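# Overview (structure and organization)
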Amino acid sequence: MAWGETMGMPDRPHVVVGLTQRGPDDGWDLSRLHAHRPGLEVVRRGATTLLLAGVEPRTEGDTLVVPLSPQPWPGAGAEVPPFAQARLDQDGTLTVTTDVLGFRQVYLASTAGAAAVSTSATALAHLTRAPVDSQALQTQSLLGWQAGEATPWEGISTPPHGHGVRLREGRSELVPLGAPTAPPPTDDPREAAVRVADIIREQVDAFLTAEPSAALQLTGGHDSRILLAAVPPSRRPEVTALTIAVPGSQDAPMAASLAAAHGMRHVVLEPQPPGPDVMPEVMSAAHRLDAMADPVSVASLHATEGEWASRPRLVGLGGETMRGFYYAEPVPRPGPRTVARLARWRLFPNESVAPEVLGPRLDGREESTIARLTPLVLDEDPGWRQATDLFYLHQRMRRWAGVLGSATLDRRLVVNPMMHPAVAEQALALPPRERASSTFLTRVLVELDRDLALVPLDGRPPPIVNLRTGPARQVQRSRLLAGRVARKARQRLAGRSAPSAVSRTWAAAVHEAWRADPSGLHRLADEDLLARGWVTGFAHGGASLDDAGTAFVVNLLHATSTR
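We now turn to the structure provided with this report. (Residues numbered from 1 in each chain as written. Predicted model: local features only at pLDDT ≥ 70, side-chain atom pairs only at ≥ 80, totals over all residues. Heavy atoms only, no water.)

## Some points on the sheet that holds strand β1 (residues 15-21)
- Taking strand neighbours across the sheet as the criterion, the six strands line up as β2-β3-β1-β9-β8-β10 in an open arrangement whose pairing is antiparallel. Each of the sheet's edge strands pairs with one partner strand only, and the pair in question is β2 (41-45) and β10 (156-157).
- The pairing of β1 with strand β9 (residues 114-118) spans five bridges and is classified as antiparallel. Bridged to Thr20 within β9 is Ala115. (Pairing = 2+ DSSP bridges. Helix = DSSP H or I, 4+ residues; strand = E, 2+ residues; numbered from the N terminus.)

Rendered as structure tokens:
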């Protein structure tokens, strides 16, 4: 088997496949999974078969309960993403539930007489011999991640946010998830900040109590500053601050200054070069990500983290929901043209693959993707700003951050307090003007620790200035917006992706492996997924490939290897 072919289920825990079929002639041949993953535990009840890899089920009465994510502290449940569990009843009914935001990724496949659910889309693709989905790949070649419920394979999808899956007698159905019990949100921004601060503080305390060795991933930005603020000052010297150094970034020196000011141990992880055999590392990452995020970046990050890869961790991700990530002035009128403008100026420039790399099956990708994105944005909310907030939460965060988080569940415990559903619900209940320009995010920080709001951010003034009012504040907001628009304009006009966290040495090592053995690239050209002229030029050293393109081609190699 060539290095570009990664079949079956990877040797990782928290992989479960549940299959229900009406009769012996319905469904798929499970031996395809057994052949590539010996030692799978098999449980059969009624018309349902469970295949378990490295998970320990428990019983509750007659029900078998299979945890699909680790528990960060005793009593933590579906309100702490990423969460998922499977419950198999005596009659063969299998119900899989996740956190209400859907951060823990699960996938579904079905035919007329059978249905299957798994924590691995790759396993389902291998089981069903699913071909790749050209339209989904068009979208991913522009976004760098999947949107809606799509995966790179035809017939394999993820449930929409707020839904689990139930399998019974050869059929599947979506199951609405109940939101965690919480008081109704308030529209008073000061009271809302108190509530959100309390939720974050409680989660941080519970996690650090259960996992005293946990590290706080600290940068020079706003979100991780909030996590630091949620740790009581007396407890901060007991917590290790962890920073991943990024060339050209001020994260490491800013984090070092904060850690020193609070008596914390500070560990800086420097990027590590790839080993002599880079392809198994990046293909393994593509497998874990089910080919739906950047595997080269993930492989590079795993090498950088070393022994810290398994250390429990507090991370701050998702503050964009509280600060209006896609806001612009003036507020546009919702409609298909507005979605197209959002896509071309804010979504596509980041991770889009150069068009000359792609084959005929991926032609027309921009129009196809905008058509797919339009209902995902406009169906969320009648107001444009609210619609883009929900799009960011339910699409960008769920389908990108959720994929990345799910891929590391077997390696370490990770808690992201800002993704608690009550935090998101409360933030989104406020008027957009209260969230724009990090106003509400700053209120939360001030509520947790006002002194930390007085410390400048990375290349930006202290967060406290976000609470100013009057002409000076408006001038500051206008300058920030103008700078952001100018950067996006340069990026769009230059026709290249934004710089990524992928080390160029890793991309260069992948390119060297491909040029030494271009058979995988020629196979993709034979399938009309890559342009034959580009493959020929690249193999002979005459054509280039940026980070986004490198990641996409690795994912193509994985997605087309499961048949």
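## A few points about the pairing of strand β6 (residues 84-88)
- In terms of burial, β6 is largely enclosed, as four of its five residues are buried.
- Looking at chain direction, strand β5 (residues 63-67) and β6 are connected through four bridges and run antiparallel. Bridge assignment links Pro67 to a residue of β6, and that residue is Gln85.
- Once β6 ends, the chain turns through five residues before running back antiparallel as strand β7 (residues 94-98), passing Gly92 with a positive phi of about 95°. (Buried < 20%, exposed > 50% of the residue type's maximum accessible area, 1.4 Å probe, protein only.)

## Some remarks on the nonpolar core
- Core analysis: the biggest nonpolar cluster contains 62 residues, and Ile156, Val282, Trp514, Leu530 and Trp534 have the highest contact counts within it.
- Apart from residues lying up to four places away in sequence, Ile156 is in contact with Tyr107, Leu108, Ala109, Ala121, Leu124, Ala125, Thr128, Ala130, Glu149, Ala150 and Thr151.
- Val196, Ile200, Ala230 and Val446 belong to the second largest nonpolar core, which has 46 residues in total. (Core = buried A, V, L, I, M, F, W, Y, C linked by side-chain atoms within 4.5 Å. Contact = heavy atoms within 4.5 Å.)

## With respect to unusual backbone geometry
- In this structure, Pro82 follows Pro81 across a cis peptide bond, with omega equal to -5°.
- Along the chain, Pro82 turns up in the loop between β5 and β6.

## Focus: helix α2 (residues 121-128)
- The element α2 is largely enclosed, with a buried count of eight among its eight residues.
- The complete set of buried residues in α2 reads Ala121, Thr122, Ala123, Leu124, Ala125, His126, Leu127 and Thr128.
- Two residues or fewer past α2, Arg129 is found with a positive phi of approximately 55°.

## Section: the pairing of strand β11 (residues 163-168)
- Sheet topology note: the β7/β11 ladder contains three bridges and is antiparallel. Bridge pairing in β11 links Thr95 to Arg166.
- As paired strands, β11 and strand β12 (residues 171-176) are joined by six bridges and run antiparallel to one another. Note that in β12 the partner of Leu167 across the bridge is Ser172.

## What to know about helix α13 (residues 421-428)
- In terms of burial, α13 is largely enclosed, as six of its eight residues are buried.
- For α13, the complete set of buried residues consists of Pro421, Ala422, Val423, Ala424, Gln426 and Ala427.

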